[in-house]
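Structural features, examined
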Amino acid sequence: MSDWFAGASSRINSVVEGIVAVLMLALVLDVWLGVIDRYYFHWQLPWPEVLARYLMIWAALLAVSSGVARRDHIGLTAFVMMLPISLRRVLLIAMDVLALTLFLYVAFFGVSFAESGAPRQAMIFGASLAPFYAAIPVAAALSSVQLVLVLFRDLGSHIDEPPFAIEAEETP
């Protein structure tokens, strides 16, 4: 059963990483255009800096779920590693549930935050700020889904058996 959770998490993570890669490419091209504009063409384009800000926000927030899927976020494990394995697993599952509660809280209240951006307009684009504010609840919901999947995939064993551990090369 944990294979199903691992597969679902991996598939979602592949899509998210692809989206983040496209956003980062767009961010690099946008910043490059801003630099070219400022120093060579002097078009005085008003939007590259603003677009870069929103692209960076979306990319960074979506990447959180990728970190959750890979268990790559910072963790202080010195104390946890001193505990017996059974207690360690219970504590790690409890921390996952606590993190899930936080992500669900942010997703729930992030929806009203995104809705509050609907009547507001970005000065440069003249568009509603709702799509830009939506990064918060979307990223929190996606992180919640990933956290549920990796919680059932690992069941508190991710410190003992890291899901993406690099196998040591055998030396002759």
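A brief structural summary. (Residues numbered from 1 in each chain as written. Predicted model: local features only at pLDDT ≥ 70, side-chain atom pairs only at ≥ 80, totals over all residues. Heavy atoms only, no water.)

**What to know about the side chain of aspartate 154**
With respect to the helices and strands, aspartate 154 occurs in helix α6 (residues 135-154). On the accessibility criterion, aspartate 154 (8% relative accessible area) is buried. Side-chain polar atoms of aspartate 154 contact the side chain of arginine 71, separated by 2.8 Å. Reaching out from aspartate 154, the side chain makes a polar contact with the side chain of arginine 153 at a distance of 2.7 Å. (Helix = DSSP H or I, 4+ residues; strand = E, 2+ residues; numbered from the N terminus. Buried < 20%, exposed > 50% of the residue type's maximum accessible area, 1.4 Å probe, protein only. Polar contact = N/O pair within 3.5 Å; in protein donor to acceptor, adjacent residues only side chain to side chain.)

**A short note on α6**
Along its 20 residues, α6 runs 27 Å from first to last C-alpha, staying within 8% of the 28 Å computed at 1.5 Å per residue. Of all 20 residues that make up α6, 14 are buried, and the element is covered over most of its length. Phi for leucine 155, located one or two positions after α6, is positive at around 45°. (Expected span 1.5 Å × (residues − 1).)

**Points about helix α4 (residues 85-116)**
Here α4 spans 46 Å end to end across 32 residues, near enough to the 46 Å set by a 1.5 Å rise per residue. Taken as a whole, α4 carries its principal kink of about 30° at glycine 110. When we look at burial in α4, the residues that qualify are Arg88, Leu92, Asp96, Leu100, Phe103, Ala107, Gly110 and Ala114. Next to the buried residues of α4 lie α2 (48-70), α3 (78-81), α5 (130-133) and α6. (Bend = angle between axes of the 7 residues up to and from the residue. Contact = heavy atoms within 4.5 Å.)

**A look at the packing of α4 against α6**
The interhelical angle for the contact between α4 and α6, taken along N-to-C directions, is 155°, at an axis separation of 7 Å. Judged by the inter-axis angle, α4 sits roughly antiparallel to α6. Crossing of α4 over α6 shows left-handed handedness. Tallied by class, residues from the contact of α4 with α6 come to 18 nonpolar, three polar and one charged. (Axes fitted to C-alpha atoms, helices over the stretch in contact; angles between N-to-C directions. Parallel < 35°, antiparallel > 145°, perpendicular 65-115°, else oblique. Left-handed = near helix turned anticlockwise from the far one by under 90°. Nonpolar A, V, L, I, M, F, W, Y, C, P; charged D, E, K, R; others polar.)

**A look at the pattern of salt bridges**
Overall, the coordinates contain five salt bridges when judged by the stated rule. Residue arginine 53 pairs with glutamate 49 through a salt bridge whose shortest N-O separation is 4.0 Å. With arginine 53 and glutamate 49 both in helix α2 and four residues apart, this pair spans about one turn of that helix. The exposure class of glutamate 49 is exposed, given its relative accessible area of 54%. When the shortest N-O distance is used, the salt bridge between aspartate 154 and arginine 153 registers 2.7 Å. For the pair aspartate 154 and arginine 153, a shared accessibility class is recorded, and that class is buried. Salt bridges sharing partners connect three or more residues here, namely Arg71, Asp96, Arg153 and Asp154. (Salt bridge = Lys/Arg side-chain N within 4 Å of Asp/Glu carboxyl O.)

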